[in-house]
Amino acid sequence: QVQLVESGGGLVQSGGFLKLTCVASRTGFIIESMSWYRQAPGNQRELVATITSAGATNIADSVFGRFFISGDYAENTVYLRMTSLKAEDTATYHCNAVAGRYRRSQRNTYWGQGTQITIST
């Protein structure tokens, strides 16, 4: 099983920045992609950003130009750099990975525990 551990959440002023980190344990697995999702109380879970093992990235329109995803495949680590933070960015952020066992075609989705981001205004 792939285990994901997020860090970097906290309280930040509007207009500020934060950097989230997700470290994956993947021994015996191939990680196809990793993503950041967020969910605010009463809202649907929203896909924020995705990075594939090949380095391709996708950023949600709601954070495009402000959030940036990057990764170090060798270190099993993905980052989310968040700038120009707004009150609407307040949410619990979860790391997600799509992965499967080596030489197996089946893929499963794994989730981290989440880290809270609160933007003060």
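So, how was this worked out
Residues numbered from 1 in each chain as written. Predicted model: local features only at pLDDT ≥ 70, side-chain atom pairs only at ≥ 80, totals over all residues. Heavy atoms only, no water. Helix = DSSP H or I, 4+ residues; strand = E, 2+ residues; numbered from the N terminus. Rg over C-alpha atoms; globule rule 2.2 N^0.38 Å. Buried < 20%, exposed > 50% of the residue type's maximum accessible area, 1.4 Å probe, protein only. Areas by Shrake-Rupley, 256 points an atom, 1.4 Å probe, with all protein chains shown as cover. Lys, Arg positive; Asp, Glu negative; His and termini not counted. Charge placed at Lys NZ, Arg CZ, Asp CG, Glu CD. 1 Å grid on protein atoms, 1.4 Å probe; cavity = no way out; pocket = protein on both sides within 12 Å on 5 of 7 lines; lining within 4 Å. Points joined across faces, edges and corners; volume = space filled by probe spheres on them. Nonpolar A, V, L, I, M, F, W, Y, C, P; charged D, E, K, R; others polar. Phe/Tyr/Trp six-rings, centres within 6.5 Å; stacked < 30°, edge-to-face > 60°. Contact = heavy atoms within 4.5 Å. Pairing = 2+ DSSP bridges.

Quick word on the overall build of the protein
(1) Moving on: Across its full length, the protein holds 0 helices and 11 strands.
(2) Moving on: Ordered by position from the N terminus, the helices and strands of the protein form the series β-β-β-β-β-β-β-β-β-β-β.
(3) Moving on: Relative to the compact-globule value of 14 Å for 121 residues, the protein shows a C-alpha radius of gyration of 14 Å, a close match.
(4) Moving on: With respect to the principal axes defined by its C-alpha atoms, the protein has extents near 50 × 25 × 20 Å.
(5) Moving on: Taking all 121 residues of the protein together, 40% fall into the buried category.
(6) Moving on: Summed over all atoms, the accessible surface of the protein reaches about 7000 Å², with 46% contributed by carbon and sulfur.
(7) Moving on: Here the protein contributes 11 positive and 8 negative side-chain charges, whose respective centroids are spaced 8 Å apart.

Describing the layout of surface pockets
Unfilled space is identified by rolling a water-sized probe across the atoms.
(1) Moving on: Roughly 160 Å³ of internal volume is contained in the largest pocket.
(2) Moving on: Lining the largest pocket are 15 residues, and of these Thr52, Ser53, Asp72, Tyr73 and Val78 lie nearest its centre.
(3) Moving on: Mapped by element, the contributors of at least two residues to the lining of the largest pocket are strand 4 (29–39), strand 5 (46–52), strand 7 (67–72) and strand 8 (77–82).
(4) Moving on: Top contributing element to the lining of the largest pocket by residue count: strand 4, with 3 residues.
(5) Moving on: When its residues are assigned to classes, the lining of the largest pocket shows 6 nonpolar, 7 polar and 2 charged.

Brief notes about the packing of aromatic side chains
What describes a pair of aromatic rings is the distance from one ring centre to the other and the angle between the planes of the rings.
(1) Moving on: Applying the stated criterion across every chain yields a total of 2 aromatic pairs.
(2) Moving on: Taken together, a centroid distance of 6.2 Å and an interplanar angle of 80 degrees make the contact between Phe29 and Tyr110 edge-to-face. Taken together, the residues span a long stretch of sequence, with Phe29 in strand 4 and Tyr110 in strand 10 (residues 108–111) at a distance of 81 residues.
(3) Moving on: Since its relative accessible area comes to 7%, Phe29 is described here as buried.

Describing the environment of Thr77
(1) Moving on: Relative to the assigned elements, Thr77 resides in strand 8.
(2) Moving on: A residue is classified by how much of its surface remains accessible, and Thr77, at 8% relative accessible area, is buried.
(3) Moving on: Sequence separation between Thr77 and Val23 is 54 residues, and the spatial gap between their C-alpha atoms is 4.5 Å.
(4) Moving on: Setting aside residues no more than four positions away along its own chain, Thr77 makes contact with Thr21, Cys22, Val23, Ser70, Gly71 and Asp72.

Topic: the pairing of strand 3 (residues 18–25)
(1) Moving on: Bridge count between strand 1 (residues 3–7) and strand 3: 5 bridges; the pairing is antiparallel. When the sheet's bridge partners are listed, Ser7 is paired in strand 3 with Thr21.
(2) Moving on: With 6 bridges connecting them, strand 3 and strand 8 associate as antiparallel partners. If you follow Val23 over to strand 8, its bridge partner there is Thr77.

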